[in-house]
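Architecture at a glance
Next come the chains, spelled out residue by residue.
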Amino acid sequence: MKKYILGMTLCVISINAGGFNPPMQAYINTLKTQAKQADTGFSDFDAKRGEKIFLSKHIGKRGTEVSCASCHSQNLTSAGKNPVTNKSIKPLAPSANPSRLTEVAEVQKWLKRNFNDVYKREGTAQEKGDVLYYIKSK
Ligand code: HEC
């Protein structure tokens, strides 16, 4: 029995180390289906495209130049800070903050809000997937 529990535990740990947990993977799969519907040439999300989405600057909701990194820092393993409220934000990188990208509702809520902050619109399925692959790689 003990061996069985140990085996299960190791299995769960290895799932989390490599990929997304099952609910997050299901969300990623939904985004993939939507991305394919929007573009038949779509094959998979790409962390490199996600990096550009994350680091590039745009005139955001407040009328000033802003990027995702403005709040989350260019180094995702370090803490970020909201430049307006000065509130500290815990690191976005799952390697530094294992609770990141584990709760689908949380991820959906903040992607919607944060894309609006920076891009003044909701992200497309492909943009969301790309940026999640980028964050996951950190
Ligand atoms: C105005 C500041 C701000 C900007 C700009 C911003 N974020 Fe955030 N983001 C936050 C805050 C605040 C939270 C919620 C607090 C927390 O989770 O630490 C958050 C949470 C998140 C989460 C939730 C992660 C999780 O699993 O807990 C993701 C994903 C995210 N942001 C991605 C982005 C992306 C992608 C962009 C650019 C399109 C972006 N953020 C731009 C402030 C910002």
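So, here's what we can say about the structure. For every chain, the first residue of the written sequence is number 1, and numbering continues from 1 along that sequence. Since the coordinates come from a predicted model, pLDDT governs what is reported: local features require at least 70, and pairs of side-chain atoms require 80 or more to be given and counted, while whole-chain, interface and lining totals use all residues. No hydrogens and no water enter the side-chain calculation; it runs on all heavy atoms of the structure.

1. Focus: the coordination of the iron atom of the ligand
Coordination of the iron atom of the ligand by the protein comes from His72 (NE2) and Asn114 (OD1), over a distance range of 1.8 to 2.0 Å. Geometry at the iron atom of the ligand is octahedral, judged from its six donor atoms and the angles of 87 to 178 degrees they form at the metal. Residue His72 is found in helix α4 (residues 68-72), and its partner Asn114 is found in helix α5 (residues 104-119); the two are separated by 42 residues along the sequence. Accessible area is worked out with a 1.4 Å probe on protein chains only. A residue is then buried under 20% of its type maximum, exposed over 50%, and partly exposed in between. Given the relative accessible area of 25%, Asn114 is considered partly exposed. Only nitrogen, oxygen and sulfur atoms count as donors, using a 2.8 Å cut-off from the metal that widens to 3.2 Å for Na, K and Ca. Water is left out, so coordination shells may look unfilled. Under the classification used here, a metal with four donors is tetrahedral if each angle lies between 85 and 135 degrees, square planar if opposite donors are over 155 degrees apart and the others between 65 and 115, a six-donor metal meeting that same test is octahedral, and anything else is irregular. A helix here means a DSSP run of H or I that spans at least four residues, while a strand means a run of E at least two residues long, and both kinds are numbered starting from the N terminus.

2. Examining the pattern of salt bridges
One speaks of a salt bridge when a side-chain nitrogen belonging to Lys or Arg is within 4 Å of a carboxyl oxygen belonging to Asp or Glu. Scanning the entire structure with this criterion turns up six salt bridges. Glu127 is the partner of Arg121 in a salt bridge, and the nearest nitrogen-oxygen pair spans 2.8 Å. The exposure class assigned to Glu127 is buried, which follows from its relative accessible area of 16%. Between Lys128 and Glu122 there is a salt bridge, with the nearest N and O atoms lying 3.0 Å from each other.

3. Some remarks on the site of the ligand
By convention in these notes, a residue is near a molecule or strand provided one of its non-hydrogen atoms lies within 4 Å of it. In the neighbourhood of the ligand, 16 residues make up the surrounding shell, with Cys68, Cys71, His72, Arg100 and Asn114 lying closest. Leu101 is positioned with one of its backbone polar atoms (N or O) 2.8 Å from an oxygen atom of the ligand. Here a polar contact is taken to be a pair of N or O atoms separated by no more than 3.5 Å, where protein atoms must pair a possible hydrogen donor with a possible acceptor and residues adjacent in sequence count only if both atoms sit in side chains. A distance of 2.6 Å separates a nitrogen atom of the ligand from a polar atom in the side chain of Asn114. Of all elements in the fold, only α4 and α5 reach the threshold of two or more residues within the shell around the ligand. Top element by residues in the shell around the ligand is α5. It accounts for six residues. The residue classification treats Ala, Val, Leu, Ile, Met, Phe, Trp, Tyr, Cys and Pro as nonpolar and Asp, Glu, Lys and Arg as charged. All others, Gly included, are polar. The class makeup of the residues in the shell around the ligand is ten nonpolar, four polar and two charged.

4. Details of helix α2 (residues 22-38)
Here α2 is 17 residues long and its end C-alpha atoms lie 24 Å apart, about the 24 Å a rise of 1.5 Å per residue gives. Within the sequence span of α2, burial applies to Met24, Tyr27, Ile28, Leu31, Lys32 and Ala35. End-on, the buried residues of α2 take up no more than an arc of 145 degrees, which puts them together on one face. Turned more than 90 degrees away from the buried face of α2 sit Pro22 and Gln37, all of them exposed. Residue contacts are counted whenever heavy atoms from the two residues lie within 4.5 Å of one another. Against the buried residues of α2 lie α5 and α6 (125-136). One side-chain oxygen at the N-terminal end of α2 lies 2.9 Å from the backbone nitrogen of Met24; it belongs to Asn21. Expected helix span is given by 1.5 Å per residue-to-residue step, counting one fewer step than there are residues. The arc in question is the one spanned by the directions pointing from the helix axis to the C-beta atoms.

5. Re the side chain of His72
With a relative accessible area of 13%, His72 lands in the buried category. The contact partners of His72, leaving out residues within four places of it in the chain, are Phe54, Ser78, Gly80, Ile89, Leu92 and Asn114.

6. Let's talk about the nonpolar core
As a rule of thumb, nonpolar side chains are buried together in soluble globular proteins. With 28 residues, the main nonpolar core has Met24, Tyr27, Phe54 and Leu132 as its most contacted residues. For this core, the elements supplying multiple residues, two or more each, are α2, α3 (47-55), α4, α5 and α6. Take this core: its biggest share by element is six residues, from α5. In contact with Tyr27, other than residues within four places in its own chain, are Val104, Val107, Gln108, Leu111, Lys128 and Leu132. As used here, the term nonpolar core means buried Ala, Val, Leu, Ile, Met, Phe, Trp, Tyr and Cys residues forming a set that is joined through side-chain atoms within 4.5 Å.

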